[in-house]
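Coordinate analysis (summary)
Here are the chains, one letter per residue:
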Amino acid sequence: MTPKTDEAFLREVDEELRRDQIVDVWTKHGRLIVGAILGGLLIFAAVLGWRYWSHSKAEGQAVKLQTAFDSLAANKPADAKTALDELGASGAPGYSAVARMTEANQLFNAGKAKEAAAQFGSVAGDTSVGKPIRDYALIRQTNIEFDTLAPQVIIDRLKPLAVKESAWLGSAGEMVAMAYLRLNKPNEARSVFKTIAETDGVPESIRQRAVQGVDAVDVGGADQKGK
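Residues numbered from 1 in each chain as written. Predicted model: local features only at pLDDT ≥ 70, side-chain atom pairs only at ≥ 80, totals over all residues. Heavy atoms only, no water.

1. Here we look at the overall build of the protein chain
Selection criterion: Every helix listed is a DSSP run of H or I at least four residues long, and every strand listed is a run of E at least two residues long, numbered separately from the N terminus. Categorising residues by exposure relies on relative accessible area from a 1.4 Å probe, with only protein chains included: less than 20% of the type maximum marks a residue as buried, more than 50% marks it as exposed, and the intermediate range marks it as partly exposed. Throughout, a contact is declared for two residues whenever any of their heavy atoms are within 4.5 Å. Residue exposure ignores everything except the shown protein chains as possible cover, and the areas themselves are Shrake-Rupley values with a 1.4 Å probe.
A tally of helices and strands in the protein chain yields nine helices and zero strands. Residues counted as buried form 30% of the 227 residues belonging to the protein chain. Here the analysis covers contacts within the protein chain between residues at least 6 apart in sequence; of these, 41% occur between residues at least 24 apart. Taken as a whole, the protein chain presents about 14900 Å² of accessible surface, with 59% of it coming from carbon and sulfur.

2. A few points about the pattern of salt bridges
Put simply, the rule is: Whenever a carboxyl oxygen of Asp or Glu lies within 4 Å of a side-chain nitrogen of Lys or Arg, that contact is scored as a salt bridge.
One pass over the structure, following the stated rule, counts seven salt bridges. Where K131 meets D135, a salt bridge forms, and the shortest distance between an N and an O atom there is 2.9 Å. One end of the pair is K131 and the other is D135, both in helix α5 (residues 131–145) and four residues apart, which spans about a single turn. With a relative accessible area of 12%, D135 lands in the buried category.

3. A short note on the packing of α5 against helix α6 (residues 151–158)
Stated formally: Inter-axis angles, ranging from 0 to 180 degrees, are taken between N-to-C directions of lines fitted to C-alpha atoms, where helices are fitted over the stretch in contact. For classification purposes, an angle smaller than 35 degrees is called roughly parallel, one larger than 145 roughly antiparallel, one from 65 to 115 roughly perpendicular, and anything else oblique. Amino acids are sorted into nonpolar (Ala, Val, Leu, Ile, Met, Phe, Trp, Tyr, Cys and Pro), charged (Asp, Glu, Lys and Arg) and polar (every other residue, Gly among them).
Orientation of α5 relative to α6, taken along the N-to-C sense of each, is 170°, at an axis distance of 11 Å. Considering the angle they form, α5 stands roughly antiparallel to α6. Between α5 and α6, the residues in contact are L138, I139, Q141, T142 and E145 and I154, R157 and L158, respectively. Among the residues forming the contact of α5 with α6, the class breakdown is four nonpolar, two polar and two charged.

4. Points about the nonpolar core
This is how the line gets drawn: Residues belong to one nonpolar core when they are buried, are Ala, Val, Leu, Ile, Met, Phe, Trp, Tyr or Cys, and are joined through side-chain atoms within 4.5 Å.
Ranked by size, the top nonpolar core spans 37 residues in total, and within it I154, L158, V176 and I196 carry the most contacts. When residues of this core are traced back to their parent elements, those giving at least two are α3 (93–109), α4 (113–124), α5, α6, α7 (169–182), α8 (186–197) and α9 (204–226). The element best represented in this core is α7, accounting for seven residues. The next biggest cluster of nonpolar side chains, apart from the first, holds seven residues, and it includes A80, A83, L84 and L87.

5. Considerations on the side chain of T199
Mapped onto the elements, T199 comes out in the loop between α8 and α9. If near-sequence neighbours (up to four positions away) are discounted, T199 is found in contact with K164, L169 and R207.

6. Topic: the layout of surface pockets
Heads up, the rule is: Think of a 1 Å grid over just the protein atoms. A cavity is a set of points where a 1.4 Å probe fits yet cannot get out, a pocket is an open set with protein on both sides within 12 Å along at least five of seven lines, and lining residues have an atom within 4 Å of a point. Grid points are joined across faces, edges and corners, and a volume is the space filled by probe spheres set on the points.
Reported here for the second largest pocket is a volume of approximately 200 Å³. L72, P77, A78, A80, K81, L84, E103, Q106, L107, A110 and K112 together form the lining of the second largest pocket. Of all the secondary-structure elements, those providing two or more residues to the lining of the second largest pocket are α2 (77–88) and α3. Here the lining of the second largest pocket gets five residues from one element, more than from any other, and that element is α2. Here the residues of the lining of the second largest pocket sort into seven nonpolar, one polar and three charged.

7. Considerations on the packing of aromatic side chains
The condition that has to hold: Paired rings are identified among Phe, Tyr and Trp, the last through its six-membered ring, by centres lying within 6.5 Å, and are further divided according to the angle between planes into stacked (under 30 degrees), edge-to-face (over 60) and tilted (the rest). A positively charged side chain is recorded as over a ring if its NZ (Lys) or CZ (Arg) lies within 6 Å of the ring centre. The angle to the ring normal must also be within 35 degrees.
Summed over all chains, the structure comprises one aromatic pair. Pairing Y136 with W168 gives two aromatic rings, centres 5.9 Å apart and planes at 40°, and the pair type is tilted. Placement of Y136 in helix α5 and of W168 in the loop between α6 and α7 is noted, with a sequence separation of 32 residues between them. Classification of W168 as partly exposed rests on a relative accessible area of 25%. Taking NZ or CZ as reference, R140 lies 5.9 Å from the ring centre of F108, over its face. The ring of F146 has R182 lying over it, and the distance from NZ or CZ to the ring centre is 5.1 Å.

So this is what it looks like as structure tokens:
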């Protein structure tokens, strides 16, 4: 047998062996293979269906929220409240939080500060909501309650947000600095005001007030030393 014929023979034997192996695997596990393929297709179809349902639901919630805003703009608070109540109880964390905070703003505008603060507080304590929203709700709650809270409570609440890296430095820092002044701690207040004034990301109006705060603390300190 020549080498060429030998090579062809070995190839033919190898192919025949592979066919036998494939047939053997299919005979033993064919049903499992078909079941796995069908199962994969069903899972894929379920994922697509869930995505479509989720997108449709979110779209409906967005439309409902916009309807509530339109009703408020048209001075129809009763119509807005119906939509906001539904969103607040919808179980969708983001839309629920926005709806509850919108209702809290309405309560505050109606002179119901205590109820508004409680509503903001419920959002601030809701761990299903993203931290930026919780932080905003905490600032609004503290702002509403500021005159009734002990200064140390304000500091404990907002000090983690009154740092240079925080997006809420301006709003939180102002209240923390004022609380320090109420505790007769001008050095701590000056430090917070100075941080606000020197941070570029803080709105210009707040930075200007912080500069005035630093000046006021310095003047007050000088007067105190003179006395």
